[in-house]
Amino acid sequence: MSELGCPGIVSSMPKRKYLLLVCSLKSLILLVVLSPELLLLGTSLQLQDNVYEGLLVAIHPRVSEDQNLIPKIMGMITEASSYLFNATKRRVYFGNVKILIPDTWKSHNYTQVKWESYEKANIIIADWYKKHRDDPYTLQYRGCGEEGQYIHFTPNFLLNDNLNAIYGSRGRVFVHEWAHLRWGVFDEYNNEKPFYMAGHNQVKVTRCSSDLTGIFVCEKNTCTQENCVIHNLFKEGCIFIHNNTQNATASIMYMQSLSSVVEFCNASTHNQEAPNLQNQMCSLRSTWDVIMDSVDFRKTLPLDAAILPRPPNFSLLQTGDRVICLVLDVSGRMAEADRLLRLHQAAEFYLLQVVETHSYVGIVSFSNKASVRAPPHQIRNHKDRSWLSSALPTTVIPDAGANICLGLQMGIQVVESLNGNAYGSVIILATSGGDENISNCMSTVINSGSTIHTIALGPFVNENLEELPTQTGGLKFFASDRASSNGLIDAFSRISSGNGDSFCQPVQLDSSGEIVGVHQLFSRTVTLDGGLGKETLFLVTWQSSGPPAIVLQDPSGKKYFTKDFNTHPELKSSSLRIPEKAKNGYWTYQLNNTHGSPQALRVTVSSWASDDAVQPVTVTAHVNKDGSHFPNPVIIYADVKRGFYPVLQANVTAIIEPEMGEPIRLELFDDGAGADIIKNDGIYSRYFFSFTVNGRYSLKIHVHQENHNSKLPNSNPGSHAMYVPGYIVNGNIQMNAPKKSTGDGDIQIQKWGFNRTTSGGSFSVLDVPTSPHLDIFPPCRIINLEAIRKEEEIILSWTAPGDDFDQGQASSYEIRMSKSLQKIRDDFGNASLVNISSLIPQRAGSRETFVFTPALLTKEQQKLHGETEDNRVYFAIRALDEASRQGQVSNIVQAVLFVPQNTASVTVRESLILKVVLTAVGLITAICLMIFVAHCTFSRKKKSRKKNNRTKLL
């Protein structure tokens, strides 16, 4: 491989369940005996005695070296620690903080990393690729009270002090984002709905708390709130500017930039009416209520008043040489289902295509003994890769068991032989063994400082195996024995350097397999999208003797045949590396099974970035929890991005493969419904509950998008600090620079479209019934209910849930309304029921609409509990399935109703207009009356003169 220009870097089910239970107990005991320091290694951030220890901040390798950045990070977290301590009423602050320096920066005797990497960081420092954008934000795509993924700051945000006027001080911004990340609360402002209508046609600001003061500004001029609304529609260009000096102390999740704001909104200050994400996602609960219900605070008491938090302690780390050891099982079980052969194929693919140039790689094989097949060898060119591939094991040790501890200890010795320790190294353990004694070496392996990735082959691997990646921050995979499965190659393809640089990591375009009949074809088309094309590899593997007849056609029509592939009959693999840069466009391959019986054929396609001007689309996938018990579902996530920009309108399919049985396909969506809480954030998700057996399940994601053009999103959806438009300072309006529109007008050209395939690791499920079970899954909660008043109608809309969570079709809906927000929230079942007998639910994912008529509203208003002069009505909905199982109550929305004219209250502006009209009418009437009187008077006088004249003539 050429230099890539990147920096170095049991048989019965009851018995099975019994064994899983025993292993779980063993794991629990293991966690108890491990020291806190040891636990901290793999799980990173921990709250210990009121102190957050192990916070990891990582700088992206493509951030230009600037030594001023490090003290800015330290200053931000130091300020945040004190602010957080007071905001949480003396409960928590930051202790040990690690800052990971990329290896693209010069070395300054930084501490060597252990398991730390950019992809494991809690805080990342990175630029928006080729875009000037500085919104601090948190990647948060799980439900209320659930942790986020990471906080993102740009270097410019940390270095440019002018941004303090826009976002507030960096420490305060950090705490705002920390609440998103750690406690799963949401923003209390809403850029899309900055105002909402309250009772008596009042305009209110979407905020928390309502005690914050300020003025309405219309096109940079002061105006009253009445000028911001015309016929209940908000006027474009109208904003609310806060006073720089306030008395209100809440809320950090609204506007932490105000100096008076030092608290989170609690039950007494929380604004339940505001149409923001916090109310929508957390069922009107205040941020402080959610925080206090977190794991962090359930057992954490405030510190005594005399105790002051110590300043954070910072350590600077830098990655060194990337050292990897493959620890491969050659025990007797590896002869089953061609496991060793398929392992060899996958490991060779890893060595030839995946592992980065300049890495050191060693190889260890083990059964009841362990041996070194290759000491650490640096990869500088394709010759080194081939040499390492030749050292891979090709035969099993018959009847030998698997001593996993022996293999791991030998692997650690191999990586230690290079630098004297295993810090920062990676061990890839692939085994089908059921070693019950793995806990004997757990402490030693975890304490080594090496990250352990595990690959379980087949259904009989000890459950304790998963403790190794859990405790060291590694990945865990499961590869089934299905002949058409490509799970082993997918697992190896997913293991990259973890430095976050998508330009320096291979992109897996396709990975598929199929049982092909005699003289039948297996054919697919793969898109090689723009920016890719370097080191493009097509790998074909087969099950029986002799390769299939291969025809591969590139976008220009050029064809490659079996003879053009590098074939290894003994390994049952053929590969073709496209010379120089492969052409972008559609590549089509056809595999003809010329063997005398049906066999499994498998194909993998991979390529590297070839153009620094085009950032490749990346896909990462995982589930919300590593282990589940039936009937609890798991949620599958696939994050599809180009850099930090979400890729929208992609077709995303999850393939879930159990230990035994056929794979299950499940389409994922980014529609802001069901499991997907944020629409158009590039996170595609879905509930999965179709468990067939107990044990491990592997996850694989296919992403496909056709040729299309689309605009880049103007802002990153989800959670981020408010861009403050300005302040009122000493009575004067001081506006900040308008926020730059990022993406507006920029066309995301996706010529040809793209394909991506990635592994999402594995997860385990217990307590799955062996016999068919009743319908026990309810419809999922509706989270995007909306209410719009249009002329004389109220329109309710939402996304349809399913019969089972977000799948199938619900049986019916239940819509209720109340003039009391508290009543519909706390006693939904007794709120006024809306007649929706004509509304038949559609299939999950469909857009539902229900329209209220004015007549219905007027009649129902009189029946509502707690009737007041307020003209607002609150609505909520839930779905029911055929078994009458009820979904959770949706988010609550409000609608402002038309009020009868004889009791209507009008705005000041409308009152003034009415007065002017009445005055004008009065004046016109008076003038007309005067003219009429004058005319009558004049006519009488004229008649009188004529009469007198006639008298004189007589």
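Only a predicted model underlies this, so the values are computations on that prediction, with no experimental measurement involved.

## Points about the sheet that holds strand β6 (residues 111-112)
- Ordered in space as β6-β17-β5-β3-β7-β9-β8-β42, the eight strands form an open sheet in which the pairing is mixed. Each end of this open sheet is capped by a strand with a single partner; those strands are β6 and β42 (719-720).
- Relative to strand β9 (residues 150-153), strand β7 (residues 123-125) runs parallel, the two sharing three bridges. If you follow I125 over to β9, its bridge partner there is F153.
- Packing of helix α6 (residues 170-183) onto the sheet brings it into contact with β3 (55-59), β7, β8 (137-139), β9 and β42, and relative to β9 it is tilted by some 150°.

## Quick look at the nonpolar core
- I77, F94, F174, W178, W183 and F264 are the most contacted members of the largest nonpolar core, which totals 77 residues.
- Aside from chain neighbours lying at most four places away, what touches F264 is A87, V175, A179, W183, A250, S251, I252, M253, T287, W288 and I291.

## Some points on the side chain of T431
- Of note, T431 is situated in strand β21 (residues 426-431).
- Leave out the neighbours within four places in its chain, and T431 touches D329, F366, A402, I404, I455, A456, L457, V461 and L465.

## A few points about the confidence of the model for the chain
- Looking at the chain as a whole, its pLDDT mean stands at 87, while 84% of the residues score no less than 70.
- In the predicted structure, residues 1-5 sits below a pLDDT of 50 and forms 15 contacts with residues beyond four places in sequence or in another chain.
- Low pLDDT, under 50, characterises residues 8-43; the predicted model gives this stretch 65 contacts beyond four residues in sequence or across chains.

## Here we look at the pairing of β3
- The buried fraction of β3 amounts to five of the five residues, a majority that puts the element mostly inside the structure.
- Going residue by residue along β3, you find L55, V57 and I59 tucked away on one face and L56 and A58 tucked away on the opposite face as well.
- Strand direction decides the pairing type here: β3 and strand β5 (residues 96-101), joined by four bridges, are parallel. Within the sheet, the bridge partner assigned to V57 lies in β5 and is I99.
- Inspection of the sheet shows β3 paired to β7 by three bridges, in the parallel sense. Within β7, the residue paired with A58 across the bridge is I124.

## Some remarks on the environment of I363
- With respect to the helices and strands, I363 occurs in strand β19 (residues 360-366).
- The class of I363 is buried, set by a relative accessible area of 0%.
- I363 sits 65 residues away from I428 along the chain, and the two C-alpha atoms are 9.6 Å apart.

## Some points on unusual backbone geometry
- Here A250 and S251 are connected by a cis peptide whose omega angle stands at 20°.
- If you trace the backbone, S251 turns up in the loop between β16 (238-243) and α7 (252-255).
- Following F630, the chain continues into P631 via a peptide bond in cis, with omega recorded as 15°.
- The backbone of R90 shows a phi angle near 65°, a positive value even though the residue is not glycine.
- Examined against the element boundaries, R90 turns out to sit in the loop between α3 (69-87) and β4 (93-94).
- Even without glycine at this site, D338 takes up a positive phi of about 55°.
- Structurally, D338 can be placed in the loop between β18 (323-329) and α11 (339-354).
- The class of D338 is partly exposed, set by a relative accessible area of 34%.

## Points about the state of the cysteines
- If you walk through the whole model with that rule in mind, you get three disulfides.
- Between the sulfur of C144 and that of C282 lies a disulfide, 2.1 Å long from S to S. Every disulfide takes its handedness from the sign of the S-S torsion; for C144 and C282 that torsion is 105°, giving right-handed. You can see C144 sitting in the loop between β8 and β9 and its partner C282 sitting in the loop between α8 (277-281) and α9 (287-292), a full 138 residues away along the chain.
- Take C144: its relative accessible area is 25%, and that puts it in the partly exposed class.
- Overall, the relative accessible area of 2% leaves C282 in the buried class.
- Residue pairing for C208: its cysteine sulfur links by disulfide to C265, the two sulfurs lying 2.1 Å apart. On the S-S bond that ties C208 to C265, the torsion sits near -125°, and the link is left-handed. Taken as a pair, C208 in the loop between β11 (203-205) and β12 (214-218) and C265 in the loop between α7 and α8 lie far apart in primary sequence, 57 residues in all.

How each quantity is defined
Residue numbers restart at each chain and count upward from 1, following the sequence in its written direction. Confidence filtering applies because this is a predicted model: local features only for residues at pLDDT of at least 70, side-chain atom pairs given and counted only at 80 or more, and all residues used for totals across whole chains, interfaces and linings. Hydrogens are left out, water is left out, and the side-chain values use all remaining heavy atoms of the structure. By the convention used here, strands pair only if DSSP detects at least 2 bridges between them. For the purposes of this entry, the term helix denotes a DSSP run of H or I that reaches at least four residues, the term strand denotes a run of E that reaches at least two, and both are numbered from the N terminus. The criterion used for residue contact is that any of the two residues' heavy atoms lie within 4.5 Å. Note on geometry: axes are lines fitted to C-alpha atoms, helical ones only across the stretch in contact, with angles between N-to-C directions running from 0 to 180 degrees. We define the nonpolar core as a collection of buried residues of types Ala, Val, Leu, Ile, Met, Phe, Trp, Tyr and Cys that are connected through side-chain atoms lying within 4.5 Å of one another. Using a 1.4 Å probe on the protein chains alone, a residue whose accessible area is under 20% of its type maximum counts as buried, one over 50% counts as exposed, and one in between counts as partly exposed. Along the chain, pLDDT gives the predictor's confidence residue by residue, from 0 to 100. When two cysteine sulfur atoms are found within 2.5 Å, that pair is recorded as a disulfide.

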